Amino acid sequence: MPTCRICGSQAEHCTFVMREMMIGLRDEFSYFQCADCGCLQIVAVPADLARYYGEGVLQL
Ligand SMILES: [Zn+2]
């Protein structure tokens, strides 16, 4: 079970699979909603964020 990045909970979170639809790539991403604090967050941030945010993405 993923760890909540906000409160650190490792409870039985609800998980969801969603598809990228805004730019039409249709790539699937897994998200979970923390069972303790309710925060909805992606399970794993993709390494290639520029693929989804285009040339305007901030390089961290
Ligand atoms: Zn949480």
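Everything here concerns the structure above.
Within each chain, residue numbers correspond to sequence positions counted from 1 in written order. Given that this is a predicted model, residues contribute local features only at a pLDDT of at least 70 and side-chain atom pairs are listed and counted only at 80 or more, while totals for whole chains, interfaces and linings are drawn from all residues. Values shown for side chains rest on all heavy atoms present in the structure; no hydrogens or waters enter the calculation.

Trainee: Looking at this structure, how should I read the overall build of the chain?
Mentor: Starting at the N terminus, helices and strands are each numbered in turn, a helix being any DSSP run of H or I of at least four residues and a strand any DSSP run of E of at least two. The secondary structure content of the chain amounts to 1 helix and 3 strands. Secondary structure elements in the chain, listed N-terminal to C-terminal, are β-β-β-α. Our radius of gyration looks at C-alpha atoms and nothing else; its globule reference is 2.2 Å times the residue count to the power 0.38. The globule rule puts the C-alpha radius of gyration for 60 residues at 10 Å, and the 13 Å found for the chain is more than 25% above it. For the C-alpha atoms alone, the extent of the chain along its principal axes is close to 35 × 25 × 15 Å. Working definition: with a 1.4 Å probe on protein chains only, accessible area under 20% of the residue-type maximum means buried, over 50% means exposed, and in between means partly exposed. A buried classification covers 20% of the 60 residues belonging to the chain. Summing over all exposed atoms, the chain offers an accessible surface of approximately 4600 Å²; the carbon and sulfur share of this is 55%. Seen as two clouds, the 4 positive and the 7 negative side-chain charges of the chain have centres 5 Å apart. Residue-level accessible areas treat just the shown protein chains as cover; the underlying method is Shrake-Rupley with a 1.4 Å probe. Charge convention: Lys and Arg are scored as positive, Asp and Glu as negative, and His as well as the terminal groups of each chain are ignored. Charge placement uses NZ in Lys and CZ in Arg. For Asp and Glu, CG and CD serve respectively.

Trainee: What am I meant to see in a nonpolar patch on the surface here?
Mentor: Among the surface-exposed residues, Phe16, Met18 and Leu40 lie close enough to one another that they form a single nonpolar patch of about 260 Å² accessible area. Looking at the secondary structure, you find Leu40 in strand 3 (residues 40–42). Exposure above 30% relative accessible area and the lack of any salt bridge qualify a residue for a patch; like charges then connect within 9 Å, and the nonpolar side chains Val, Leu, Ile, Met, Phe, Trp and Tyr within 5 Å. The term salt bridge refers to a side-chain nitrogen of Lys or Arg lying within 4 Å of a carboxyl oxygen of Asp or Glu.

Trainee: Before we go on, may I ask you to explain the coordination of the zinc ion in this structure?
Mentor: Geometry reference: four tetrahedral donors at a metal, ideal angle 109.5 degrees. Six octahedral donors, ideal angles 90 or 180 degrees. The rule for donors is simple: an N, O or S atom within 2.8 Å of the metal counts, and for Na, K and Ca the reach is 3.2 Å. Water is not among the atoms, so a site may look short of donors. Around the zinc ion, the protein supplies Cys4 (SG), Cys7 (SG), Cys34 (SG) and Cys37 (SG) as donor atoms, at distances of 2.3 to 2.4 Å. Geometry assignment treats four donors as tetrahedral when all angles are between 85 and 135 degrees, treats four as square planar and six as octahedral when opposite donors are over 155 degrees apart and all others between 65 and 115, and treats everything else as irregular. Coordination at the zinc ion is tetrahedral, judged from the 4 donor atoms that bind it and the angles of 105 to 118 degrees they form at the metal. In primary sequence terms, the donor set of the zinc ion follows C-x2-C-x26-C-x2-C. Of this pair, Cys7 sits in the segment before strand 1 (14–19) while Cys34 is found in the loop between strand 2 (28–33) and strand 3, placing the two residues 27 residues apart along the sequence. Among the residues examined, Cys7 registers a relative accessible area of 41% and is labelled partly exposed.

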